[in-house]
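An overview of the molecular structure
Given next are the chains, with one letter for each unit.
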Amino acid sequence: MTSTQEQTRTPDATTPTARPTGRRSPTAAGWHWALLALVMAALILWPLVALEARMVDDLPGALGRLAEVPDLGRTYLDTLIIAVGSTAVAVVAGTGLAWCLTRVPKRLYKAMSLLPIVPLLMPSVASVQGWSYLLSPRTGILNQYLRGWGIGSGDSGPLDVYSMTGIILMAGTILTSFVFMFVSASLRQRGAELEAAAAACGASPGRTFLTVTLPMMRPALVYSTAIVALLALGQFTVPLLLGTPDRIDVVSTAVYKVSADYPVDYALGGALALPLLVVGIAVILVQRRALRDERRYVSVSARSRQVGLTTSRWALVPILGYLVVAVVLPLGALVSVSLSPFWSGRIDPSTFTLDNWTSVWSNSNTVDAIVTTLFALLLTLVVVLPLSYLVSVALLQRTRVPGVVRLPIDILGSIALCMPVSLLGFAFLFTYSEPPFQLYGTTAMVVVAYVTLTIPFAVRPQLSALTAIGPEYSEASRVSGAGSLGTALRVTFPLIRSGLGVAAALVTIIVAHEFTVSLMVTSPTRRVIGSLLYDETVNGSAPNVAVLSLLMLAVTLVGIAISWVIAGGNTVDKI
Amino acid sequence: MSEVRIDRLAKLFDSGGVRAVDDLSLTLAEGQLVVLLGPSGCGKTTLLRCVAGLETPNSGTIEIGGALMFGRGGRTQVPTHRRGIGMVFQNYALWPHMTVEQNVAYPLRVRGTARHERSRQAREALALVECEALADRVPSAISGGQQQRVALARALVARPGLMLFDEPLSNLDYRLRAQLRQQLRELHRTLGFTGLYVTHDQTEAMQLGTVVAVLKDGKVEQLAEPASLFSRPASAYVARFLGIGNRLELARDPGGLWAVGGGDVRIGLPAAGDLPGDRFDLYLRSTDVSLAVPGSGPDDADVGRVPGVVTDVVYSGESSEWVVQVGEARIVAAARTGVWPFGSGDRVEAVFRHSTALLYESGEQGRLVESYGVRPSLVS
């Protein structure tokens, strides 16, 4: 109905207080988002496509050389065994820890909920090194104790970390934290009331677990299993450091070995890693299908308290045990080795010395590597935080982004999560060391690689922070007369400060721990801590490796401290 | 202050599946406070957000103060921050990281007002809403009513050409709402801003609106001053939305009388001869119905009476409601507690005056029968 009103008076004078400038057509709004999608595609998709295109160009040759790779079948089989094994270990242990956490006495709950994610701060290189000092067959500290107690005989064993079992357990231990995070978050979201309700209906604890708890955990279990399986398929650090004596190779280490030869046979590397690429893409598609109708980034508004559950101190045992295995023991081994003049397998505090530390410091290689790492970290943060902020805004339902643009941004924003890191590293090496970039040996190359790797991790915390604050705050700013930039700077950023801090913390952890891509994209003249550490593992002394591992951890902690300040003091809690 | 013209505006959601605003036209004269009234989902908030530039309409034009804000088939779109508006949100939307004064001064800050001057004006605006004392507090440390007052000050501070209100009082409790309503009335009277006010609360609409627009399915169902809106709702939909709940279905009887609710009760309607149909709905305000012992009470041409049985008396403090079963229909009569001595089971007559009753064409969409109900003496 078109209605005109009688009451309308003609105004005596119209005062146009509004400034009708800045006209734009509605279709133009989509263009800058399309530009963002293009930038993302250039960063993430292009290296992968370019690499596989190179392989297709040289298909017969690549396949021929692939067939000549020694023990090719064995490599793929070992990759599968390690992936399945370590995923199983991680899922069982992570779920178990999450369940234990629900039984922890209330006053210890907060502290205990943080402990299982502390291992995320520990670089996996450091854990692996630590455990190799503990369990190497001859000189391992634990092995010597065990032999001393009459378990095992001779001068070797009884345990061997350089074995398939060793690799699976080690990788599984590292991945456990991820499973714990997902499952525990899902348990916490639903609260214990549902279990209490089942008990009130007369269900026994066992029946409650089967009929209520387990089905409730299922989405988180499926999701975390998929993620962890992908990470396990792309496992690089553990097989590289522990697989050499028994000649255990996985796809990632094989790709790395291709990248270490000169000239690099890119077509062969692309062909080797193709199965992982296919699996990664399949997982993305399945995940999108499974999650299509779910609201993916629901923020937890009210945490239900854990009511009506029996608690027990025994629940602390597995949680503390995990911390001991994943952090305390390897860290202790690293510290003692770094203080020993040489590595003999015996801890002798009377010989402890700081010589290793001072010699590492006086070595210009080390100082350069630390400076390069910190500089690369800083540049990565400067690039990735604004970029991922834009991606988060584009992914918000309330932002008017054309669907054909939002979907690519969404997929590109998470693709780096699903690709094996070794494949990404290899693709970066191919793309950026060739013309027109020729960045090999520069910090820029390292930064581009790190930015690409960390985008998904920087997007998620910002996206959930943006979702949680809702649209009104920025709308209120816009009706107050502030433009997009002013609104972002004065209203949005301060409000999502903790999300920004978490993003910065995650980026820091990934960059400081980065080993795989670093090995491939750094040159002997421009190394980061990770690549220097590997060189020392191959050529140097054990105490130096221990010192570098601890330095890696120190860089992580400094970065966390900085993001703590950014976030206003509650980063670790929110990760 | 400025005039606002909305012309043939349409906003579609879900790829055209939902017409939230449907070819709607509305004009706000300078200084008018137009209230958009309607149930949830009628399109009132969408309309407001289109005017604010927070939603992009599909077609139509919006002019504020003579300047085109949206139009020419979407080729002209002035972004929200250049529309010169002030807006009060339902959940206040005060930025938690700024103090009250910083919140209020923000519109001046983005307009480049000097620090000293904006502090002075912010405090002035806070004084208008009686919140000067809160200037240095943060929003989370003040009460809901205070937060909404501060939000009001923030919207007013830059003297915008148009004030928009998106259900600003619905998060407050009953008492605060009444208090703030009064304050808003006074502010509008003093400052004389042009405003568009969205609410689903009819009391708010009646008290605040210079003009009230009742919305239904994205269209204006009725546009009128509060008094004429309430005395003569243009359709059964508007009457029901305004809380006029007593409905008697009438069907023409061969004898010239009207059967009530398909039962045995018959009543006469003045001017019945002219009525353009055989079925109508008679709506009565509960305060316009009184109860009497059958056979007693006033009796003249204007009086209508239907017999019934009291089924319940709902005590609500000062006033009470008597529920009377009339054949198939129920009539509620409201009055001061204790006015009538009737209780459950008593036979009574519900008495009303045709001059205050409303007659609509039968059905949910029925229009008002204009010829009925207004006593000749009342028609000027």
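Treat the numbers as computed from the prediction; the structure is a model and nothing was measured.

1. A word on a nonpolar patch on the surface
Residues and elements named next belong to chain A. Together, F375, L378, L379, V382 and V383 line one region of the surface with nonpolar side chains, adding up to about 430 Å² of accessible area. Within the secondary structure layout, L379 lies in helix 15 (residues 364-395). Given the relative accessible area of 31%, L379 is considered partly exposed.

2. Quick notes on the pairing of strand 9 (residues 195-199) of chain B
As a general feature of sheets, a regular strand has side chains that alternate between the two faces. Residue and element names in this part refer to chain B. For strand 9, the buried fraction is high: five of the five residues fall into the buried class. By the alternation rule, side chains of strand 9 split into G195, Y197 and T199 and L196 and V198, which are all buried. Across five bridges, the pairing between strand 3 (residues 33-37) and strand 9 is parallel. Within strand 9, the position partnered with V35 by the bridge is Y197. As judged from the four bridges shared by strand 8 (residues 162-166) and strand 9, these two strands associate in the parallel manner. Within the sheet, the bridge partner assigned to L164 lies in strand 9 and is L196. Following the backbone out of strand 8, through helix 5 (residues 174-191) and into the adjacent parallel strand 9, one traces a crossover that is right-handed.

3. Describing unusual backbone geometry
The phi dihedral of R247 of chain A falls on the positive side, at around 50°, and the residue is not glycine. Considering the arrangement of structural elements, one finds R247 of chain A in the loop between helix 10 (237-243) and helix 11 (251-260). Phi at E167 of chain B takes a positive value of approximately 40°, unusual for a residue other than glycine. Summarising the element assignment, E167 of chain B is placed in the loop between strand 8 and helix 5. Look at E167 of chain B and you get buried, because its relative accessible area is 9%.

4. As for the packing of aromatic side chains
Enumeration over the complete set of coordinates arrives at 15 aromatic pairs over all chains. Residues F515 of chain A and Y534 of chain A carry aromatic rings whose centres are separated by 6.1 Å and whose planes lie at 80° to one another, so their mutual orientation is edge-to-face. Taken together, the positions of F515 of chain A in the loop between helix 21 (497-513) and helix 22 (516-521) and Y534 of chain A in helix 23 (residues 529-539) put the pair 19 residues apart, joining distant regions of the chain. The class for F515 of chain A is buried, based on a relative accessible area of 2%. The class of Y534 of chain A is buried, set by a relative accessible area of 15%. Ring plane angle 50° and centroid distance 4.4 Å describe the contact between W95 of chain B and Y106 of chain B, whose orientation is recorded as tilted. A residue pair is termed long-range when its members are at least 10 positions apart, and W95 of chain B in the loop between strand 7 (85-88) and helix 2 (100-110) and Y106 of chain B in helix 2 qualify at eleven residues. With a relative accessible area of 0%, W95 of chain B lands in the buried category. Here a set of aromatic residues connected by ring pairs shows up, and it is made of F236, Y256, F515 and Y534 of chain A. For R285 of chain B, the ring lying beneath its charged end belongs to F230 of chain B, and the centroid distance is 4.7 Å.

5. A short note on the side chain of T194 of chain B
Position of T194 of chain B among the secondary structure elements: in the loop between helix 5 and strand 9. Judged by its relative accessible area of 0%, T194 of chain B is buried.

6. Overview of the sheet that holds strand 14 (residues 266-267) of chain B
Residues and elements named next belong to chain B. An order of 14-13-12-15-21 is seen for the five strands of this open sheet, with the pairing classed as antiparallel. Two strands lie at the open edges of the sheet, namely strand 14 and strand 21 (358-361), each paired on one side alone. Sheet topology places strand 13 (residues 258-260) next to strand 14; two bridges connect them, and they run antiparallel. Pairing of W258 across the sheet is with I267, part of strand 14.

7. What about the pairing of strand 5 (residues 67-71) of chain B?
Residues and elements named next belong to chain B. Buried residues dominate strand 5, accounting for four of its five residues. One ladder, built from three bridges, connects strand 4 (residues 59-64) with strand 5; its direction is antiparallel. Its bridge partner lying in strand 5, I62 is registered against F70. The hairpin formed by strand 4 and strand 5 contains two residues between the paired strands, and G65 there has a positive phi angle of roughly 55°. One ladder, built from two bridges, connects strand 5 with strand 6 (residues 76-77); its direction is antiparallel. Note on strand 6: the bridge partner recorded for F70 is Q77. Hairpin geometry of strand 5 and strand 6 is characterised by an intervening segment of four residues between the two adjacent antiparallel strands and by a positive phi of about 50° at R72.

8. A look at the nonpolar core
Nonpolar side chains in soluble globular proteins tend to end up buried together. Formed by 203 residues in total, the largest nonpolar core has its most connected members in I455 of chain A together with L26, L164 and L196 of chain B. Residue contributions to this core peak at 14 residues, all from helix 18 (residues 443-469) of chain A. The next biggest cluster of nonpolar side chains, apart from the first, holds 43 residues, and it includes C131, L134, L169 and F193 of chain B.

9. Some thoughts on the domain arrangement of chain A
All names here are of chain A. Each domain of chain A was delimited in the assignment, giving domain 1 (71-337) and domain 2 (355-400 + 440-575). With 26 residues of domain 1 at the contact, the number on the domain 2 side is 29 residues. Taken together, both faces of the contact between domain 1 and domain 2 bury some 2,400 Å²; the carbon and sulfur share is 73%. Applying the counting rule to domain 1 against domain 2 returns zero salt bridges. In this assembly, domain 1 and domain 2 are joined by two residue pairs in polar contact (both at pLDDT 80 or more). Of all elements in the fold, only helix 4 (106-114), helix 5 (124-135), helix 10, helix 11 and helix 13 (316-339) reach the threshold of two or more residues within the side of domain 1 that touches domain 2.

Conventions we followed
- Residues numbered from 1 in each chain as written.
- Chains lettered and ligands numbered in written order.
- Predicted model: local features only at pLDDT ≥ 70, side-chain atom pairs only at ≥ 80, totals over all residues.
- Heavy atoms only, no water.
- Patch = residues over 30% accessible without salt bridge, like charges linked within 9 Å, V, L, I, M, F, W, Y side chains within 5 Å.
- Areas by Shrake-Rupley, 256 points an atom, 1.4 Å probe, with all protein chains shown as cover.
- Salt bridge = Lys/Arg side-chain N within 4 Å of Asp/Glu carboxyl O.
- Helix = DSSP H or I, 4+ residues; strand = E, 2+ residues; numbered from the N terminus.
- Buried < 20%, exposed > 50% of the residue type's maximum accessible area, 1.4 Å probe, protein only.
- Pairing = 2+ DSSP bridges.
- Right-handed = clockwise from strand over helix to strand, strands pointing away.
- Phe/Tyr/Trp six-rings, centres within 6.5 Å; stacked < 30°, edge-to-face > 60°.
- Lys NZ or Arg CZ within 6 Å of the ring centre and 35° of its normal.
- Core = buried A, V, L, I, M, F, W, Y, C linked by side-chain atoms within 4.5 Å.
- Domains from an automatic or database assignment.
- Contact = heavy atoms within 4.5 Å.
- Buried area = accessible area lost by both parts, 1.4 Å probe.
- Polar contact = N/O pair within 3.5 Å; in protein donor to acceptor, adjacent residues only side chain to side chain.

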